[in-house]
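Fold and contact review
The residues making up each chain are set out below.
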Amino acid sequence: MPRYAQLVMGPAGSGKSTYCATMLEHCQNLNRSVQVVNLDPAAEHFEYPVMADIRELIQVDDVMEDDSLRFGPNGGLIFCMEYFSNNFDWLEESLGHVEDDYILFDCPGQIELYTSACNEAACGATAAVGVSRVWSLPGRLTVHGRDLQVMAALSAMVMLEIPQVNIMTKMDLLSPKSKKEIEKYLDPDMYSMMEDNSVSLTSKKFRKLTKAICGLIDDYSMVRFLPFDRTDEEGINIVLQHIDFSIQYGEDLEFKEPKEIDGEPSNTNFDEFFQDRDDS
Ligand SMILES: Nc1nc2c(ncn2[C@@H]2O[C@H](COP(=O)(O)OP(=O)(O)OP(=O)(O)O)[C@@H](O)[C@H]2O)c(=O)[nH]1
Ligand SMILES: [Mg+2]
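Residues numbered from 1 in each chain as written. Chains lettered and ligands numbered in written order. Predicted model: local features only at pLDDT ≥ 70, side-chain atom pairs only at ≥ 80, totals over all residues.

1. Focus: the environment of tyrosine 220
Mapped onto the fold, tyrosine 220 is located in helix α9 (residues 204-220). Residues tyrosine 220 and asparagine 38, 182 residues apart in the sequence, show an inter-C-alpha distance of 31 Å. (Helix = DSSP H or I, 4+ residues; strand = E, 2+ residues; numbered from the N terminus.)

2. Re the packing of helix α1 (residues 16-29) against helix α10 (residues 233-246)
α10 packs onto α1 with a crossing angle of 95 degrees between their chain directions and a minimal axis gap of 11 Å. The angle between α1 and α10 places the two elements in the roughly perpendicular class. Contacts from Thr22, Met23 and His26 of α1 reach α10 at Glu233, Ile236 and Leu240. In terms of residue class, the contact of α1 with α10 is made up of 3 nonpolar, 2 polar and 1 charged. (Axes fitted to C-alpha atoms, helices over the stretch in contact; angles between N-to-C directions. Parallel < 35°, antiparallel > 145°, perpendicular 65-115°, else oblique. Contact = placed C-beta atoms within 7 Å. Nonpolar A, V, L, I, M, F, W, Y, C, P; charged D, E, K, R; others polar.)

3. Details of helix α3 (residues 73-85)
In this model, α3 (13 residues) spans 18 Å end to end at C-alpha, consistent with the 18 Å of a helix rising 1.5 Å per residue. Residues Gly76, Leu77, Cys80, Met81 and Phe84 constitute the buried set of α3. Buried residues of α3, viewed axially, fall in a sector of 135 degrees; they line one side. (Expected span 1.5 Å × (residues − 1). Buried ≥ 20, exposed ≤ 12 C-beta atoms within 10 Å, placed from the backbone. Arc of directions from axis to C-beta.)

4. Examining the nonpolar core
Within soluble globular proteins, side chains that are nonpolar generally end up buried alongside one another. The biggest cluster of nonpolar side chains holds 39 residues, and the ones touching the most others in it are Val8, Leu104 and Phe105. Listing elements by their share of this core, those giving two or more residues are β1 (4-9), α1, β2 (35-38), α2 (60-65), α3, β4 (102-106), β6 (164-169) and α10. A per-element tally of this core places β1 first, with 5 residues. (Core = buried A, V, L, I, M, F, W, Y, C linked by C-beta atoms within 7 Å.)

Below you can see the structure in the form of structure tokens.
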């Protein structure tokens, strides 16, 4: 059987580890077997059990304390990921050979990594297990900050040629009004957004640069975001279905009996989701 994976990438603090914990719990409720691997050598805290943890191989603190290396936190992290990309045996041994594996890789958050070492590491990880990637961005963003982050998402998509699903995290923090407002950013029309912000684009050069960036994002027309509200099971399911579809998960799976809870067969959220859709 093939192995499937999600590489969960995105800026620092955008909610990658929380996404992994939420998706793990969601899949467990659906009676789906999912495992999580921590690939962040600087991770201090995460709320999920791990199948493997890169810190068993190398830790940022050890690299920073090494007198011959003398790295700071960012250089230390890049060193760790390069070390990881040269030691994939560790990953292959840690993953073993379990059938029907579906693994979430919780990646580190430093954005520089997605233009260099982490790509090599991610390529190695995809070679080891299979493909797909989730790019997470927090739901609260300024317009210009968001443009740059859209560029980062686009750059990751282009650098590492595997399917990518972009998600907008922390949607539960938004009021209904803000949720409505953020809708236009989920599937952005870059040119009309630029017009919306034209008042702040007083400099001619800056306006030209912004237009060029908008053109680039528009040319690829691939960057859209799915909202991710960790409190909304139905929304989480929609994200999972998009990812499953992008990696063709489930096409050759055999039917499994649902788990029984207190002698009663469980009515999974998956069934409920389709039930709701049928009723509507
Ligand atoms: N309300 C809310 N808070 C969130 C959500 N996702 C993450 N957070 C909070 O945001 C902070 C960072 O979340 P993490 O999941 O650690 O983010 P990360 O991307 O793994 O961070 P790094 O690994 O440091 O890059 C934590 O305080 C989380 O509790 C979410 O969906 N909703
Ligand atoms: Mg994390």
